[in-house]
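Fold and contact review
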Amino acid sequence: MDLTLEHDFADNLPALALDASAAPAPAPALVVLNEELAADLGLDVDWLRSDEGVQFLLGHALPEGAHPVAMVYSGHQFGGFSPRLGDGRALLLGELRTTQGLRDLHLKGSGPTPLSRGGDGLAALGPMLREYLVSEAMHALGIPTTRSLAVLTTGQEVLREEGALPGAVLVRVASSHLRVGSFQYARAADDMMLLTTLTRYAMQRHHPDAVHAEHPPLELFERVVAAQARLVAQWLSVGFVHGVMNTDNMTISGETIDYGPCAFLDAYRPQTVFSSIDTGGRYAFGQQPVIAQWNLARFAESLLPLLADDEADAVAAGTAALEAYVGHFNDAWLDAMAAKLGVPRDTEGLQELVVDLHGYLEASAVDHTTFYRHLARAARGDSTAVRNQTLELERLDAWLDRWLALAPDADAMDAANPVHIPRNHLVEEALAAAVAGDLAPFTGLLAAVRAPYTPIEGGERYAEPAPESFNEGFQTFCGT
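The text that follows walks through the structure, step by step, so that each part is easy to find.

1. Some thoughts on the pattern of salt bridges
One pass over the full model with this rule turns up 23 salt bridges. Here Glu131 and Lys108 are joined by a salt bridge, their closest N and O atoms 2.8 Å apart. Taken together, the residues Glu131 in helix H5 (residues 125-140) and Lys108 in strand E7 (residues 101-108) connect sequence positions 23 residues apart. Since its relative accessible area comes to 7%, Lys108 is described here as buried. Here Arg461 and Glu429 are joined by a salt bridge, their closest N and O atoms 3.0 Å apart. You can see Arg461 sitting in the loop between helix H17 (440-449) and helix H18 (468-471) and its partner Glu429 sitting in helix H16 (residues 424-435), a full 32 residues away along the chain. Among the ionic contacts, a cluster of salt bridges with common partners joins Lys108, Glu131, Arg172 and Asp258.

2. Section: the environment of Leu170
Considering the arrangement of structural elements, one finds Leu170 in strand E9 (residues 163-174). For Leu170, a relative accessible area of 0% corresponds to the buried category. A C-alpha to C-alpha distance of 15 Å links Leu170 and Pro112, two positions 58 residues apart in sequence.

3. Considering the pairing of E9
A large share of E9 lies buried, amounting to nine of its twelve residues. In the sheet, E7 pairs with E9 via five bridges, with the strands oriented antiparallel. Directly across from Leu105, in E9, lies its bridge partner Val173. Linking two consecutive strands that pair antiparallel, namely strand E8 (residues 147-160) and E9, is a turn of two residues.

4. A look at unusual backbone geometry
In most cases, non-glycine residues show a negative phi, while peptide bonds are predominantly trans. Of note, the phi angle at Asp258 is positive, near 70 degrees, even though the residue is not glycine. One can find Asp258 in the loop between strand E10 (240-241) and strand E11 (263-264). The backbone of Ala365 sits at a positive phi, close to 55 degrees, despite the residue not being glycine. Tracing the chain through its elements places Ala365 in the loop between helix H11 (350-364) and helix H12 (368-379). Taking the relative accessible area as the measure of exposure, Ala365 reaches 24% and is therefore partly exposed.

5. Examining the nonpolar core
With 123 residues, the main nonpolar core has Phe9, Leu149, Leu341, Phe371, Leu375 and Trp403 as its most contacted residues. Residue contributions to this core peak at twelve residues, all from helix H8 (residues 216-238). Ala123, Leu125, Leu133 and Leu445 belong to the second-largest nonpolar core, a separate cluster that totals 22 residues.

What counts, and where the lines are drawn
- Residues numbered from 1 in each chain as written.
- Predicted model: local features only at pLDDT ≥ 70, side-chain atom pairs only at ≥ 80, totals over all residues.
- Heavy atoms only, no water.
- Salt bridge = Lys/Arg side-chain N within 4 Å of Asp/Glu carboxyl O.
- Helix = DSSP H or I, 4+ residues; strand = E, 2+ residues; numbered from the N terminus.
- Buried < 20%, exposed > 50% of the residue type's maximum accessible area, 1.4 Å probe, protein only.
- Pairing = 2+ DSSP bridges.
- Core = buried A, V, L, I, M, F, W, Y, C linked by side-chain atoms within 4.5 Å.

So far we have only geometry, and geometry alone does not tell us how the molecule works.
Set out below in structure tokens:
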């Protein structure tokens, strides 16, 4: 296939790009290929399935002129700053030029790099399939996300706490892999030329019109603040828990990235934590809006020298832009909730209605996803299902009376509230089967989450909450 991999990032930001190459794969095999995404990228599906295509996906048979690199960045990880992180088990192969602009082609689990910090640089099949599955679900839900083009096994085992596991590589696609940590690295190095170049490059990749704004760096910051506020509001609307919201996992594009220990709520509990390493609950479900703003404050600190010559003026400008986050988040959250409740966004008393609803949801611990589907049935005149979910009937009935008086649109609710999310018990079941050699559960679940709003005849299990016994002590792991 006639293919060009550009090296835009490596050319423009050589200080953030270290030459690297993919490790050999002794017996590679294609496990899953995203044919729709491949077509969008202008890639030939039959060629990708060929031996040559498989080698390309593993980062070996690259087109002439390709320049794969490991990306350097810093980051606050669980609140502690690490001045030099980067792609320890990942590789930016380059960029594909598409009708939507440049798209990064990036490998995860492709072997050690100069940034591996003693790690093996490898990945196991289960975590790579988790990212493929959940990122596809998020895309189908309309939530900005990196995408997964393929997962391949390498024929090499990787050693983890649970023993030897099949090694695998994820091929990830993103509008870029620029992150808050990229800017933190430039600022920590006190390299103003790098910081200026990085800021200009980020604008060119994601907000080209911002280059002509009155104050381009401030304009970039304001747009990232708004994008991240919208993103986190969308996460909350579907019960998504990212699990590892470090600053190196917050993109400048506003796309969700890094699905290591992610999961979805069953019962609505804001304090829910799934990640085994989040022992203090820093990244709990209900903490995510606060953490996003904290991360953005670190972004503002990195940009301070570009916001004004005088430090006090720079702090004032950054603070004002950061404070706008709360308004952006609340607007996006109420947009999402109005859609979920089937009422106009300008409904009088909407915020109070939403706050009271979430008080009920927390008190009753009902299943977050099925509640809203049952609520649509109540909008059609049958409240049996939604009432059968709870013992808090008096509280629910009082809220239902207020909501039903607004004449909610049940059809609009069905289009806003998913039937299918990647239920944690189904994800674990599918991954365990895949690692054992049976892809059928994974394939079935993938088909369900790609059609989140459409019930599947005979596929009711994809919509059902987990058994209570499953949720006792359930944890997710980052896979490293």
